[in-house]
Amino acid sequence: AVLRPQVALAVALDLRTFLRLRPGAEGRLSVSLPGVGVRRSWDTPGLRALRGRIAGKGRGKEPRGKQLDALREFAGIAAGASAPDSLATLAFLYMCLAISAKDVPSLDILVWSELPTGAGLGSSAAYAVCLAAALLMVCGAISCPLQEGESTARWTEEELTLINSWAFRGEQVIHGNPSGVDNAVGTWGGALRYQAGKITPLKRVPTLRILLTNTKVPRSTKVLVAGVKEKILKFPAIMNPVLDSIDAISQECQSVLEAMPANPSREHYPVLEEFFDINQHHLNVLGVGHPSLDRLCQVTASHSLHSKLTGAGGGGCGITLLPPDTSPLAVEAAKQDLCACGFECWETKIGAPGVTLHSCSSLSAQVLHALAQS
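Residues numbered from 1 in each chain as written. Predicted model: local features only at pLDDT ≥ 70, side-chain atom pairs only at ≥ 80, totals over all residues. Heavy atoms only, no water.

Caption draft 1: Here's a closer look at the domain arrangement of the protein. For the protein, the assigned domains are domain 1 (11–198 + 354–372) and domain 2 (206–350). Taking the mean C-alpha position of each, domain 1 and domain 2 sit 29 Å from one another. Facing the 13 residues of domain 1 at the interface are 14 residues of domain 2. Of the roughly 1,100 Å² buried where domain 1 meets domain 2, counting both sides, 60% is carbon and sulfur surface. Seen at the junction of domain 1 and domain 2, the total is 1 salt bridge. Residue Asp14 is joined to Lys349 by a salt bridge in which the shortest nitrogen-to-oxygen separation is 3.6 Å. Along the contact surface separating domain 1 from domain 2 lie 3 residue pairs in polar contact (both at pLDDT 80 or more). A breakdown of the residues in the side of domain 1 that touches domain 2 according to their chemical character gives 7 nonpolar, 3 polar and 3 charged. (Domains from an automatic or database assignment. Contact = heavy atoms within 4.5 Å. Buried area = accessible area lost by both parts, 1.4 Å probe. Salt bridge = Lys/Arg side-chain N within 4 Å of Asp/Glu carboxyl O. Polar contact = N/O pair within 3.5 Å; in protein donor to acceptor, adjacent residues only side chain to side chain. Nonpolar A, V, L, I, M, F, W, Y, C, P; charged D, E, K, R; others polar.)

Caption draft 2: Expanded view of the packing of helix α8 (residues 236–259) against helix α9 (residues 268–286). In contact at an axis separation of 10 Å, α8 and α9 are set at 160 degrees when each is read in the N-to-C sense. What the angle tells us is that α8 and α9 run roughly antiparallel. The crossing of α8 and α9 is left-handed. Residues Met239, Val242, Leu243, Ser245, Ile246, Ile249, Glu252, Cys253, Val256, Leu257 and Ala259 of α8 pack against His268, Val271, Leu272, Phe275, Ile278, Asn279, His282, Leu283, Val285 and Leu286 of α9. Taken together, the residues that form the contact of α8 with α9 break down as 16 nonpolar, 4 polar and 1 charged. (Axes fitted to C-alpha atoms, helices over the stretch in contact; angles between N-to-C directions. Helix = DSSP H or I, 4+ residues; strand = E, 2+ residues; numbered from the N terminus. Parallel < 35°, antiparallel > 145°, perpendicular 65-115°, else oblique. Left-handed = near helix turned anticlockwise from the far one by under 90°.)

Caption draft 3: Main features of the sheet that holds strand β11 (residues 317–321). In space, the 4 strands of this open sheet follow the order β10-β11-β9-β12, with antiparallel pairing throughout. Of all strands in the sheet, those with a lone pairing partner are β10 (306–310) and β12 (344–350), marking the two edges. Strand-to-strand twist of the sheet, defined as the mean angle between neighbouring strand axes without regard to direction, takes the value 30 degrees. Relative to β11, β10 is paired through 5 bridges, and the arrangement is antiparallel. (Pairing = 2+ DSSP bridges.)

Caption draft 4: Spatial organisation of the sheet that holds strand β8 (residues 198–201). Pairing in this open sheet of 3 strands is antiparallel, and the strands run β1-β7-β8 from one edge to the other. Lying at the two open borders of the sheet, with one neighbouring strand each, are β1 (8–11) and β8. Within this sheet the neighbouring strands show an average axis-to-axis angle of 25 degrees, counted without direction. Note: β1 against strand β7 (residues 191–195), 4 bridges, orientation antiparallel. Its bridge partner lying in β7, Val11 is registered against Ala191. Helix α6 (residues 181–188) contacts β1, β7 and β8 of the sheet and is inclined by roughly 155 degrees relative to β7.

Caption draft 5: Broad picture of the packing of aromatic side chains. In total, this model carries 2 aromatic pairs according to the counting rule given. Ring centres of Trp42 and Phe92 lie 6.0 Å apart, and the angle between their planes is 25 degrees; on these two criteria the pair is classed as stacked. Of this pair, Trp42 sits in strand β4 (residues 38–43) while Phe92 sits in helix α3 (residues 84–99), placing them 50 residues apart in sequence. Taken as a pair, Trp42 and Phe92 share a single burial class, namely buried. The ring of Trp166 has Arg169 lying over it, and the distance from NZ or CZ to the ring centre is 3.7 Å. (Phe/Tyr/Trp six-rings, centres within 6.5 Å; stacked < 30°, edge-to-face > 60°. Buried < 20%, exposed > 50% of the residue type's maximum accessible area, 1.4 Å probe, protein only. Lys NZ or Arg CZ within 6 Å of the ring centre and 35° of its normal.)

Caption draft 6: Looking closely at the UniProt feature "domain: GHMP kinase N-terminal" (unreviewed entry) in the protein. Residues annotated in UniProt with the feature "domain: GHMP kinase N-terminal" (unreviewed entry) correspond here to residues 100–186. Strand forms 10% of residues 100–186 and helix 47%; the C-alpha atoms that close the span are 22 Å apart. (UniProt positions renumbered as here; feature names shortened; annotations may be inferred.)

Structure below.
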């Protein structure tokens, strides 16, 4: 639906990516990304010279091929390298040099995430959003909203728009031609409506408990998208009504989600569960299902829970709705059965806040420990 004129809904997961920023050794810019095995450091005079070299290589706001080639050469990244460590390093260098237009600051940056990488959950967008917010704050383009005594704070709408625009450019470095959905969800949080490139945040949405399951089956978004296009061209009279039904599900789901905060009712959950079931069947018809996802749905159905794939399909991840009256025993039993299939599970929430500035006191011991590993 995201690649066609149909409506899609995207929601923020309550699995967060954290960035810790400290003043660095004088004349050094350092980055540590333990999730993808990156630990790099550069001298700021060399980076200033690099920025002078790439400044004229292409006008406009989006990252250009010649600029990225110069950054790859500087960082020792092979042309065409697509491993997460290479792309994360490239995005880091691009954003540091493009955002800090006056000078390259001496900083020590560590990014650690609760999100698995490469699972279609927007981990690269969360990384780009964190980087954009931190670098814009350092160079004074946005404020430091955290007041003394506060545990968390968020930026103004205008500042969030600037964070989002830079995060999108970071996503362009990593993905080439992203939709912009993932970075928008990471910036604003909650839930968004996406249609034909237009992104609209939903005004009020409930926080819903879910199980997030990674089947660990690798998939190629490009191959899956090509397969769907081929099916639509081959059987337009059959496939277009399926896409129209997916569009209707998204729109009906939006109505239910927006009604829930004002009128909390258990009756909303069976409706959402039916939407999950119908949507999953439609996605199978489009050819983006996978036996691992069928297994996930069967396992959770045996515990009276409803699931669907999320992301590109073909493996990857699925989400399972956990209504408020779901017993802890049922959730635990479902998790055990899913793990027995070789899957990985997280109990989390959707509709979580977007990019946030945290005080140390607001962070859990696990997060503080992870951010101290540098």
